[in-house]
Amino acid sequence: MSDEKTYRSYGVTKLDDNMRISLNIKWLGQIIVGVGIVVMGYIRIENRIGELERRVELADTNIKDLVSKHIEEENKKITHMQEQLEWYQQELNLNPLSWGKKKRKRK
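Attention here is on the structure that accompanies the text. (Residues numbered from 1 in each chain as written. Predicted model: local features only at pLDDT ≥ 70, side-chain atom pairs only at ≥ 80, totals over all residues. Heavy atoms only, no water.)

1. Considerations on the overall build of the protein
Helix and strand counts for the protein come out as two helices and two strands. In the protein, which comprises 107 residues, the share counted as buried stands at 3%. As displayed, the protein has an accessible area near 10,800 Å², and 59% of this comes from carbon and sulfur atoms. (Helix = DSSP H or I, 4+ residues; strand = E, 2+ residues; numbered from the N terminus. Buried < 20%, exposed > 50% of the residue type's maximum accessible area, 1.4 Å probe, protein only. Areas by Shrake-Rupley, 256 points an atom, 1.4 Å probe, with all protein chains shown as cover.)

So, in structure tokens, the structure goes:
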């Protein structure tokens, strides 16, 4: 091997008398581009996961608000239905044995 340097390679110091490592500039460029692509992919995935986590938190708060609103509406309906049931129980007495008692109280 000669100690000539070519324009396409960069010679690294000798590790041993008979061994020499040379790195092709094309390979170096490809390695840099590859590492850049991997890093960009990682950053994009991290950003996407962060955005999804924020959306899940927002959805959870919306769901909690809707559930509490739904429970409140159900409680209102239940109280209204209980009032109606009490009215029907007072006004429409279907027990034939108590029919005479109401008539006596009214007179």
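Following the structure, the description resumes.
2. Some remarks on the packing of aromatic side chains
Per the counting criterion, the structure on display carries one aromatic pair. When the centroid spacing of 4.9 Å and the interplanar angle of 75 degrees are considered together, the rings of Trp-87 and Tyr-88 count as edge-to-face. Judged by its relative accessible area of 46%, Trp-87 falls in the partly exposed class. (Phe/Tyr/Trp six-rings, centres within 6.5 Å; stacked < 30°, edge-to-face > 60°.)

3. Considering a nonpolar patch on the surface
Together, Leu-23, Trp-27, Leu-28, Ile-31, Ile-32, Val-35, Val-39, Met-40, Tyr-42 and Ile-43 line one region of the surface with nonpolar side chains, adding up to about 970 Å² of accessible area. Per element, the largest residue contribution to the nonpolar patch is nine residues, and it comes from helix H1 (residues 25–91). Its place among the elements puts Leu-23 in strand E2 (residues 22–24). (Patch = residues over 30% accessible without salt bridge, like charges linked within 9 Å, V, L, I, M, F, W, Y side chains within 5 Å. Salt bridge = Lys/Arg side-chain N within 4 Å of Asp/Glu carboxyl O.)

4. Observations concerning a negative patch on the surface
On the surface, a cluster of negative charge is made up of Glu-46, Glu-53, Glu-57 and Asp-60. With respect to the helices, strands and loops of the structure, Glu-57 is situated in helix H1. (Lys, Arg positive; Asp, Glu negative; His and termini not counted. Charge placed at Lys NZ, Arg CZ, Asp CG, Glu CD.)

5. Overview of the pattern of salt bridges
Applying the stated criterion across every chain, the model contains three salt bridges. For the salt bridge of Arg-54 with Glu-51, the shortest nitrogen-to-oxygen distance reads 3.1 Å. With Arg-54 and Glu-51 both in helix H1 and three residues apart, this pair spans about one turn of that helix. In this structure Glu-51 comes out as partly exposed when scored by relative accessible area, which is 34%. Among the charged side chains, a salt-bridge network with shared partners connects Glu-51, Arg-54 and Arg-55.

6. Describing H1
Taking 1.5 Å as the rise per residue, H1 with 67 residues should run 99 Å; its terminal C-alpha atoms sit 98 Å apart, in good agreement. Capping the start of H1, Asn-24 holds a side-chain oxygen 3.2 Å from the backbone nitrogen of Lys-26, two or three residues further along. (Expected span 1.5 Å × (residues − 1). Polar contact = N/O pair within 3.5 Å; in protein donor to acceptor, adjacent residues only side chain to side chain.)

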